[in-house]
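# Coordinate inspection notes
Okay, here's what each chain looks like letter by letter:
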Amino acid sequence: MELTDNQFERYARHLILDEVGDEGQEKLLNSKVLCVGAGGLGSPVLMYLAAAGVGTIGIIDDDDVDISNLQRQVIHATSKVGTPKVSSAEETLLRINPTIRINLHHMRLLPENVDNIFSKYDLIVDGSDNFPTRYMINDAAYFNGKTVVSGALLRFEGQLTTFRGGTGGHNQEPCYRCLFNAPPSDDPDGFRCEDVGILGAVAGVIGTLQATEVLKELLNLGNSMSGQLLIFDALEMTFRKIRYKRNLSCALCGDTPTIQNSTGAIID
Ligand SMILES: [Zn+2]
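Within each chain, residues carry numbers counting from 1 in the order of the written sequence. Whole-chain, interface and lining totals are the exception, using all residues; otherwise, since this is a predicted model, local features are given only for residues with pLDDT of at least 70 and side-chain atom pairs are given and counted only at 80 or more. The side-chain values count all of the structure's non-hydrogen atoms but skip hydrogen atoms and water molecules.

## Side note on the coordination of the zinc ion
Counted only if it meets this: Coordinating donors are taken to be N, O and S atoms lying within 2.8 Å of the metal, or within 3.2 Å when the metal is Na, K or Ca; because water is excluded from the atom set, some sites may appear incomplete. Key to geometry: four donors with every angle between 85 and 135 degrees are tetrahedral; four donors are square planar and six octahedral where opposite donors lie over 155 degrees apart and all remaining angles lie between 65 and 115; all other sites are irregular. What counts as a helix is a DSSP run of H or I of at least four residues, what counts as a strand is a run of E of at least two, and both are numbered from the N terminus. Note on classification: 1.4 Å probe, protein chains only; a residue is buried when its accessible area is under 20% of the maximum for its type, exposed when over 50%, partly exposed between these limits.
Coordination sphere of the zinc ion, protein contribution only: Cys175 (SG), Cys178 (SG), Cys250 (SG) and Cys253 (SG), at 2.3 Å. Note that the zinc ion binds four donor atoms; their angles at the metal cover 91 to 119°, and the shape is tetrahedral. Read N to C, the donor residues that coordinate the zinc ion are spaced as C-x2-C-x71-C-x2-C. Taken together, the positions of Cys178 in helix H8 (residues 176-179) and Cys250 in the segment after strand S8 (238-243) put the pair 72 residues apart, joining distant regions of the chain. Each member of the pair, Cys178 as well as Cys250, carries the same accessibility label: buried.

Shown next as structure tokens:
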């Protein structure tokens with residue numbers, strides 16, 4: 001695929017980077033990325049990926065825009081309150097870059113549909129806000145051989161890491177269950193940032209870092225965040241990085257796994 005004159009102008013600041021160039025930009029234009037959640041993390045992720053020319057962007061979310069979302073979910077406007085987040089997000093993205101393709105999945109990600117949806121994409125962005133979804137994304141990505149760029153938010157903190165332990169060939173790299181083998185016991189269903197509060201701009205910090213890591217993974221640039229957890233503390237304005245390894249007794253990717261498919265079915 002040759003870049004058009006319009007694309008040469010639009011992506012000029014990518015093209016002059018030796019590490020991107022025409023070849024890298026073409027790679028982005030041919031890439032398919034799914035963002036789970038069009039909320040606080042999904043907003044900057046989607047906007048930067050659209051601007052960057054990621055050619056196919058999928059958005060999955062079953063929620064409508066609520067006025068309390070607008071404090072951090074910058075992809076949505078006040079006029080969109082009460083409308084589906086996926087269509088509100090699509091409208092913003094097409095205003096930024098009308099030349100890309102956007103797939104809307106106006107539904108909840110479930111064990112029954114996750115494999116089918118993930119199979120259409122090269123890479124998954126986890127912008128979800130609850131633990132059951134995080135584990136489901138991790139497990140399905142592993143079985144479908146997809147890389148996940150994961151972000152999480154809590155009050156004044158954010159976390160970022162990447163999982164590429166799927167069957168696609170990086171099989172010595174750790175997964176989410178290697179890092180957190182079970183949801184926090186005090187709330188197995190997952191607290192949501194909605195319930196505990198979040199300084200809105202922190203979502204922008206972590207979501208923008210996720211978009212950066214997605215572009216790096218697609219272009220195979222620099223150091224991957226696979227096996228590394230970045231922890232951002234906005235009050236101290238510090239970033240810490242913790243390294244972690246594949247857990248040999250991980251229920252998913254360990255030597256004797258007990259989870260056998262994306263529905264979370266356990267081997268007896
Ligand atoms: Zn694992």
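## Observations concerning the packing of helix H4 (residues 42-52) against helix H10 (residues 200-219)
In a packed pair of helices, the relevant descriptors are the angle between the two axes and the axis-to-axis distance. The condition is simple: To define axes, lines are fitted to C-alpha atoms, for helices over the stretch in contact only, and angles between the resulting N-to-C directions are given on a 0 to 180 degree scale. In this scheme, roughly parallel covers angles under 35 degrees and roughly antiparallel covers those over 145, while 65 to 115 is roughly perpendicular and the rest are oblique. Helix crossings get a hand from a simple test, with the near helix turned counterclockwise from the far one by less than a right angle marking a left-handed crossing and a clockwise turn marking a right-handed one. Note on definitions: a residue-residue contact is assigned when non-hydrogen atoms from the two residues lie within 4.5 Å. For this classification, Asp, Glu, Lys and Arg are treated as charged, while Ala, Val, Leu, Ile, Met, Phe, Trp, Tyr, Cys and Pro are nonpolar and the rest, including Gly, are polar.
Taken N-terminus to C-terminus, the directions of H4 and H10 make an angle of 40°; their axes are 8 Å apart at the nearest point. Between H4 and H10, the angle is such that the two are oblique. Both H4 and H10 take part in a crossing whose hand is right-handed. Residues Pro44, Val45, Tyr48, Leu49 and Ala52 of H4 form the contact with H10, whose own contacting residues are Ala203, Gly204, Gly207, Thr208, Gln210, Ala211, Val214 and Leu215. Looking at the contact of H4 with H10 residue by residue, the classes come out as nine nonpolar, four polar and no charged.

## Points about the packing of H4 against helix H5 (residues 85-96)
Interaxial distance between H4 and H5 falls to 9 Å at its minimum, and their mutual angle equals 30°. Considering the relative orientation of H4 and H5, their crossing is right-handed. When H4 is examined against H5, the residues Leu46, Met47, Ala50 and Ala51 are found in contact with a partner set consisting of Ala89, Thr92, Leu93 and Ile96. Its residues placed into classes, the contact of H4 with H5 shows seven nonpolar, one polar and no charged.

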